[in-house]
Amino acid sequence: MLAGIQQIDEVEWEVPVGYVPGMRVPGRFFLSDDLAETLEPDAVHQLANVACLPGIERYSLAMPDIHSGYGFPIGGVAAFDAESGVISPGGVGYDINCGVRLIATPLRADDITQPRALIEELFRTVPTGVGAESSLRLSHHDLAAMMTEGVRWAVEAGYGVENDISHCEESGRLDAADTAPVSKKAFQRGMPQAGTLGSGNHFLEIQEVDAVFDPETAEAFGLSPGQICFMVHCGSRGLGHQVCTDHLRVLESAHKRYGISIPDRQLACAPLSSPEGEAYFGAMAAAANYAWVNRQVITHQVRQVLQRMFGIAYEEMPLVYDVAHNVAKMEEHSSERGRRRFCVHRKGATRAFGPGLPEVPAAYRSVGQPVIIPGSMGSHSYVLHGTATAMERTFGSTCHGAGRVMSRTKAKKATPGSEVRKHLLEQGIVVRATSDAAIAEEAPEAYKESDKVVDVVRRAGLSLPVVRLRPLGVIKG
DNA sequence: ATGTCC
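Residues numbered from 1 in each chain as written. Chains lettered and ligands numbered in written order. Predicted model: local features only at pLDDT ≥ 70, side-chain atom pairs only at ≥ 80, totals over all residues. Heavy atoms only, no water.

Draft legend 1. Broad picture of the UniProt feature "binding site: Mn(2+) 2" (unreviewed entry) in chain A. UniProt marks His-233 and His-325 with the feature "binding site: Mn(2+) 2" (unreviewed entry), using the numbering shown here. Taken along the chain, the residues just named run across 93 residues; in space they keep tight, none of their C-alpha pairs more than 9.9 Å apart. Put simply, the named residues that line the largest pocket are His-233 and His-325. Its location among the elements puts His-233 in strand 9 (residues 227-234). Excluding anything up to four places from it in sequence, His-233 contacts Cys-98, Gly-99, Val-100, Leu-197, Asn-201, His-202, Phe-203 and His-325. (UniProt positions renumbered as here; feature names shortened; annotations may be inferred. 1 Å grid on protein atoms, 1.4 Å probe; cavity = no way out; pocket = protein on both sides within 12 Å on 5 of 7 lines; lining within 4 Å. Helix = DSSP H or I, 4+ residues; strand = E, 2+ residues; numbered from the N terminus. Contact = heavy atoms within 4.5 Å.)

Draft legend 2. Broad picture of empty space enclosed by the protein. As enumerated under the stated definition, the model contains 1 cavity of 30 Å³ or more in all. What lines the largest cavity is simply Leu-47, Val-50, Ser-60, Leu-61, Phe-72, Pro-73, Gly-76, Val-77, Ala-78, Gly-91, His-345 and Lys-347. Within the residue set of the lining of the largest cavity, elements represented by two or more residues are helix 1 (41-50), strand 4 (60-67), strand 5 (74-81) and strand 13 (338-347). By residue number, the principal contributor to the lining of the largest cavity is strand 5, which donates 3 residues. Across the lining of the largest cavity, the residue classes break down as 7 nonpolar, 4 polar and 1 charged. (Points joined across faces, edges and corners; volume = space filled by probe spheres on them. Nonpolar A, V, L, I, M, F, W, Y, C, P; charged D, E, K, R; others polar.)

Draft legend 3. Geometry of the state of the cysteines. For the structure on display, the rule yields 0 disulfides. Between Cys-244, a cysteine without a disulfide, and Cys-98, which holds the nearest cysteine sulfur, the sulfur-to-sulfur distance is 13 Å. Of all cysteine sulfurs in the structure, the one in Cys-52 sits closest to Cys-269, which takes part in no disulfide; the separation is 11 Å. (Disulfide = S-S within 2.5 Å.)

Draft legend 4. Summary view of the packing of helix 2 (residues 115-125) against helix 9 (residues 275-310). Put simply, helix 2 and helix 9 touch, their axes get as near as 10 Å, and they point 140° apart. When the axes of helix 2 and helix 9 are compared, the pair comes out oblique. Crossing geometry of helix 2 relative to helix 9 is assigned as right-handed. Listed contacts from helix 9 to Ala-117, Leu-118, Glu-121, Leu-122 and Thr-125 of helix 2 are Gln-301, Val-302, Val-305, Leu-306, Arg-308, Met-309 and Phe-310. (Axes fitted to C-alpha atoms, helices over the stretch in contact; angles between N-to-C directions. Parallel < 35°, antiparallel > 145°, perpendicular 65-115°, else oblique. Left-handed = near helix turned anticlockwise from the far one by under 90°.)

Draft legend 5. Highlighting the nonpolar core. Leu-122, Phe-230 and Met-284 are the most contacted members of the largest nonpolar core, which has 72 residues in total. The biggest single contributor to this core is helix 9, with 16 residues. (Core = buried A, V, L, I, M, F, W, Y, C linked by side-chain atoms within 4.5 Å. Buried < 20%, exposed > 50% of the residue type's maximum accessible area, 1.4 Å probe, protein only.)

Pasting the structure below:
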């Protein structure tokens, strides 16, 4: 382990105050011995830097999929006091409300007799890749409405059913959304992209439930061994990217006006109560709502393909749950000063609320919210459930996925995409992408093993495994 | 992540 880091227990480590000058609270991260070699010193430095921001509560946190990002580490969680704290675009990331959802079906693995044909049909239906454009023709008013209303807009427009709404975190809508601070340019970029997958680590997968760890909870989530599910991983496309770019520019100078000194320019921030902070918060929430609509429209497209190819009724393909990976939002948590409201930034981290909370949908309330953890291309994904331990230790948060260990450029040089594709096919996984380069960038070797990351959050008690999912087919940008 | 450098 790095010098100056203290071990708390077998999977938790502390970055003490003083690790970098100006820390207000310690840093804490979760990591096992076998993942220790993946830890980047830069990411730990970033974790410590976050602890310098005003109003930070208790700890600057990171999950076992920690790696260095823009300002804040990816895998980072930080809660800022609603009254004295700040909001920072670096704590959310460029892909606002990048997230993942799981759609259940009545199909079994042996119903998928022609995986190639199914993958090709999905690839034709779901626009994929950088600059992909949607078949939806939206007015400026439609776009504003979806950013304000979130998933409900999509359901009312015919792209889903009522149950889809309650099975999204926050019911698929942040009510802080404000389209006024969303620039014309962001509107223009978002206009043709609602219902498109994008590129990079975004994907659409056909998966089979191949292991059940907690049968009772699996049943509550509507999941059973051998069942076919579809997983969608994507975000707010060019719209969220533009919102982040626009507001970073404003906040890079705003923090000085409020006497906030930051150890890294990438930690640009403003008080939650300032006009600049409120503007970013409103625009970020609008982009988050757009991302939920994006995943909802893709869900609709997947359901239509399955209706056509397998004759399944729309209602037989329920949304299990939808989680956000990159978002900041107001939540109430326990603190030394009692229950208080905080702006919880999760950047490459997943909310993992435990049993009994009103934020967890009624159908799942007795067990805690579903936590969906995508694996890298060709590796297992998991469904876990949130816990009371997460509420106590991490503001109700857990990891978000495997986490990169190799840069895109390095991955492209390491193995040609054609070879990665061939290797996955040998394991029975059909991959369809816009290019071989896109496959090379996302090669399994470029990521930590999802199994190891999930094992850390299990051992820490931040969320507990319910089922494991094996990919049969992957669509990649 | 991203009209992967307006």
